[in-house]
Amino acid sequence: MIGAVVIIPTYNEIENIEAVIRAVFSQSNYIHVLVVDDNSPDLTGKKVKALQRDYTNRLFLETRTKKSGLGTAYIHGFRWCIEKKYDYIFEMDADFSHNPNDLPKLYQACHNDGADMSIGSRYVTGVNVVNWPMGRVLLSYVASKYVRLITGMKIHDTTAGFVCYKRIVLETINLDKIKFIGYAFQIEMKFKTYLKKFKIKEVPVIFTDRTKGESKLSGGIISEAIFGVISMKVKSLFTK
C-alpha cells in the first residue's frame, strides 16, 4: 500500500484510538495515518502523540481548536494529504465500524482495478450491518435509496464513510465549495466525484457498530442529509 494514507477524524475516541491505529499499521509497512483531532477533552490527541514514538514518520496528528464537524475535519485532512503528495487517501472512522482489514480491498480497487474512488459498501450485496438496531438499519438503507433516487448516482451505499480516493479526485473537486459538515458531507463528496465523471467502485464490507465510546450522529445531522440532497441536486442542474 505504497503512497497510501488513512485520515481518522477524532473527538473523544480515547477508548478506540490506540487499537485502531495499530490495526491500520498492521495492514502494511508502507501505509501512513493522519489523525485530525478536534481538541478532544478526553485527551485523544495526547495518546496519538505518545504513539508517534512507535511510528516515526508514519503517524501524524493535526489538532484543531474545537469540535467543528466531520466534513471540515476531512477537508482539513485532504488539504494536508494533497500537500504531502499522497496518491491514495482514505476516510475511516476511529471506532472500528470500518474494519481496518478491509483497507487493502479498497486500495486494490483504486490501484489495480482502475477506480478513482472506492467505497466500502454495506449495501452492494444486500445489507451487511452488525449490532445496529433495526430502526437505524432501515434509516440508513432508506436514506441511501433516497439519495440514489434524487441524485441519479448508481451507488448503493451513498452515505458510506469508508472511502479511498485517488489524489486527482480531491485535486479536481473544489474543496472550498463543499457545503455540508455532517452526515451529508459523505453524500456531497460522492456526488461531486460522480459529476466529474470519475470511476466509482463499491467494495462489499461488513459494518459493525461501535462497542466503545459514543456515536456522534444526531437529529440535526440527519436533517442536513435529507433536505440538503434536494438543494444539492437542484444547484447541480444550474451549474455548468
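About the cut-offs
- Residues numbered from 1 in each chain as written.
- Predicted model: local features only at pLDDT ≥ 70, side-chain atom pairs only at ≥ 80, totals over all residues.
- Heavy atoms only, no water.
- Core = buried A, V, L, I, M, F, W, Y, C linked by side-chain atoms within 4.5 Å.
- Buried < 20%, exposed > 50% of the residue type's maximum accessible area, 1.4 Å probe, protein only.
- Helix = DSSP H or I, 4+ residues; strand = E, 2+ residues; numbered from the N terminus.
- Contact = heavy atoms within 4.5 Å.
- Pairing = 2+ DSSP bridges.
- Arc of directions from axis to C-beta.
- Axes fitted to C-alpha atoms, helices over the stretch in contact; angles between N-to-C directions.
- Parallel < 35°, antiparallel > 145°, perpendicular 65-115°, else oblique.
- Nonpolar A, V, L, I, M, F, W, Y, C, P; charged D, E, K, R; others polar.
- UniProt positions renumbered as here; feature names shortened; annotations may be inferred.

Novice: Which residues make up the nonpolar core, and what values go with them?
Specialist: A general feature of soluble globular proteins is that nonpolar side chains tend to end up buried together. Membership of the largest hydrophobic core comes to 35 residues, with the highest contact counts inside it found for Ile7, Phe78, Cys81, Ile89, Tyr165, Leu175 and Met189. Residue assignment for this core shows that the elements contributing at least two residues are strand E1 (4-10), strand E2 (32-37), helix H3 (70-83), strand E5 (117-121), strand E7 (163-166), helix H6 (167-172), helix H7 (184-195) and helix H8 (219-237). A per-element tally of this core places H3 first, with 7 residues. When residues no more than four places from it in sequence are discounted, the contact partners of Phe78 are Ile7, Ile89, Glu91, Tyr165, Leu170, Leu175, Phe185 and Met189. With 31 residues, the next largest nonpolar core counts Ile17, Met92, Leu106 and Cys110 among its residues.

Novice: Describe in detail the pairing of strand E4 (residues 88-91), supporting the description with residues and values.
Specialist: Burial along E4 is two-sided: Tyr88 and Phe90 and Ile89 and Glu91, pointing in opposite directions, are all buried. Of the strand pairs in this sheet, E1 and E4 are connected by 4 bridges, and their pairing is parallel. Each bridged residue has a counterpart across the sheet, and for Ala4 the counterpart in E4 is Tyr88. Where E4 meets E7, 4 bridges bridge the pair, whose relative direction is antiparallel. Counterpart to Tyr88 in the pairing with E7 is Lys166.

Novice: Any details on helix H2 (residues 44-51)? Residues and values, ideally.
Specialist: Buried within H2 are the following residues: Thr44, Gly45, Val48 and Leu51. All buried residues of H2 project into a common sector of 115 degrees when viewed along the axis, lining one side. Turned more than 90 degrees off the buried face of H2, the exposed positions are Lys46 and Lys49. Contacts made by the buried residues of H2 are with E1, helix H1 (17-25), E2 and strand E3 (59-63).

Novice: Can you lay out the packing of H3 against H7 for me, pointing to particular residues and giving the numbers?
Specialist: Between H3 and H7, the shortest axis-to-axis distance is 8 Å and the interhelical angle comes to 45 degrees. Overall, the two elements H3 and H7 adopt an arrangement that is oblique. In contact with Leu70, Gly71, Tyr74, Ile75 and Phe78 of H3, H7 contributes Phe185, Gln186 and Met189. Considering only residue class, the contact of H3 with H7 consists of 6 nonpolar, 2 polar and no charged.

Novice: Quick one: what's the story with the UniProt feature "domain: Glycosyltransferase 2-like" (unreviewed entry) in the chain, residue by residue and with numbers?
Specialist: UniProt records the feature "domain: Glycosyltransferase 2-like" (unreviewed entry) for residues 6-172 in the present numbering. Between the end C-alpha atoms of residues 6-172 there is a gap of 20 Å, over a span that is 38% helix and 19% strand.

Novice: Break down the sheet that holds E4 for me, citing the residues and quoting the values.
Specialist: Strand order across the open sheet formed by 7 strands is E3-E2-E1-E4-E7-E5-E8, with mixed pairing between neighbours. Because the sheet does not close on itself, it has two edges, and the strands there are E3 and strand E8 (200-204). Strand-to-strand, the axes of this sheet are offset by a mean angle of 20 degrees, without reference to chain direction. As judged from the 5 bridges shared by E2 and E3, these two strands associate in the parallel manner. Paired with Val36 across the bridge in E3 is Glu62. Here helix H4 (residues 103-111) sits on the sheet and contacts E1, E4, E5, E7 and E8; the angle it forms with E4, its principal contact strand, is near 140 degrees. On the sheet, H7 packs against E4, E5, E7 and E8 and is oriented at approximately 140 degrees with respect to E5.

Novice: Break down unusual backbone geometry for me, citing the residues and quoting the values.
Specialist: Located in the positive-phi region is Asn39, a residue other than glycine, with phi close to 55 degrees. With respect to the secondary-structure elements, Asn39 resides in the loop between E2 and H2. Positive phi is not limited to glycine here, since Asn57 has a value of about 65 degrees. With respect to the element layout, Asn57 can be found in the loop between H2 and E3. You can call Asn57 exposed: its relative accessible area is 60%.

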